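Architecture at a glance
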Amino acid sequence: MALIKSSLEIALERAEAMMGRAEDTAKEEGRKHGQAAARRFLSGDVDGAAMAELLAARPEEQRRPALAAALEHFVEALLNGDDLAVDGLAALPLDRAKDKLAALITAARGRFQAAGQLYADLAAVMADDLARMGIGGSAVLPNPLSLPDLELRTQKALAPHLQAVQEAAQALQRAVA
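Summarised in this report is the structure supplied together with it. (Residues numbered from 1 in each chain as written. Predicted model: local features only at pLDDT ≥ 70, side-chain atom pairs only at ≥ 80, totals over all residues. Heavy atoms only, no water.)

Glancing now at the nonpolar core. Grouped together as the largest cluster of nonpolar side chains are 33 residues, with contacts concentrated most on Met 51, Phe 74, Leu 89, Leu 92 and Leu 104. Those elements that place two or more of their residues in this core are helix H1 (7-43), helix H2 (48-56), helix H3 (60-79), helix H4 (84-91), helix H5 (98-132) and helix H6 (150-176). A total of 9 residues in this core trace back to one element, the largest contributor, which is H3. If sequence neighbours within four positions are ignored, Leu 104 has contacts with Leu 71, Val 75, Leu 78, Leu 89, Val 165, Ala 168, Ala 169 and Leu 172. (Core = buried A, V, L, I, M, F, W, Y, C linked by side-chain atoms within 4.5 Å. Buried < 20%, exposed > 50% of the residue type's maximum accessible area, 1.4 Å probe, protein only. Helix = DSSP H or I, 4+ residues; strand = E, 2+ residues; numbered from the N terminus. Contact = heavy atoms within 4.5 Å.)

This next bit is on the layout of surface pockets. Taken as a whole, the largest pocket spans an internal volume of roughly 200 Å³. Together, Glu 60, Arg 63, Arg 64, Leu 67, Pro 93, Leu 94, Asp 95, Arg 96 and Val 176 line the largest pocket. Looking at which element gives the most residues to the lining of the largest pocket, the answer is H3, with 4 residues. A breakdown of the residues in the lining of the largest pocket according to their chemical character gives 4 nonpolar, no polar and 5 charged. (1 Å grid on protein atoms, 1.4 Å probe; cavity = no way out; pocket = protein on both sides within 12 Å on 5 of 7 lines; lining within 4 Å. Points joined across faces, edges and corners; volume = space filled by probe spheres on them. Nonpolar A, V, L, I, M, F, W, Y, C, P; charged D, E, K, R; others polar.)

Looking now at the packing of H3 against H6. Packing of H3 against H6 leaves a shortest axis separation of 10 Å and a crossing angle of 175 degrees. When the interaxial angle is binned, H3 and H6 end up roughly antiparallel. On the side of H3, the interface is formed by Arg 64, Leu 67, Ala 68, Leu 71, Glu 72, Val 75, Leu 78 and Leu 79, while H6 contributes Leu 162, Val 165, Gln 166, Ala 169, Leu 172, Gln 173 and Val 176. (Axes fitted to C-alpha atoms, helices over the stretch in contact; angles between N-to-C directions. Parallel < 35°, antiparallel > 145°, perpendicular 65-115°, else oblique.)

Spelled out as structure tokens, the structure:
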């Protein structure tokens, strides 16, 4: 015998489905605002405090998705070499995950310091090579960016730092989600 649903059961199912759609809509809206806040920070339209206010001003059901989206945007920028993303991360209002945020910021700063050290070391080697060839003086500026294998050297030198950044970012994203 077929099961016949009562009007009340049908209404409850519809209400449940509508609530699910409302939650999905709120999450999507929060994500859009989180990404927009991060983009505005990286473009210089807002400072860290203003960005944090934009995120905190979201309705309660949108705050967590907004923070998660801003975090993802900053991590992506960080992995693409944008050091301003570190300041954006530091400005995120992530009070319940401060230790994981601090670990990510430390890893990111280590990556940028390693890149700076690599370029300084390569410039010193280039200057020594030029000096051995009798080329010197204040007009000689070694340019590590001109090295044909710079990308390979950079990848090799920064691989452990990028791994640390990715691991710290994943831990923070799990804590925020």
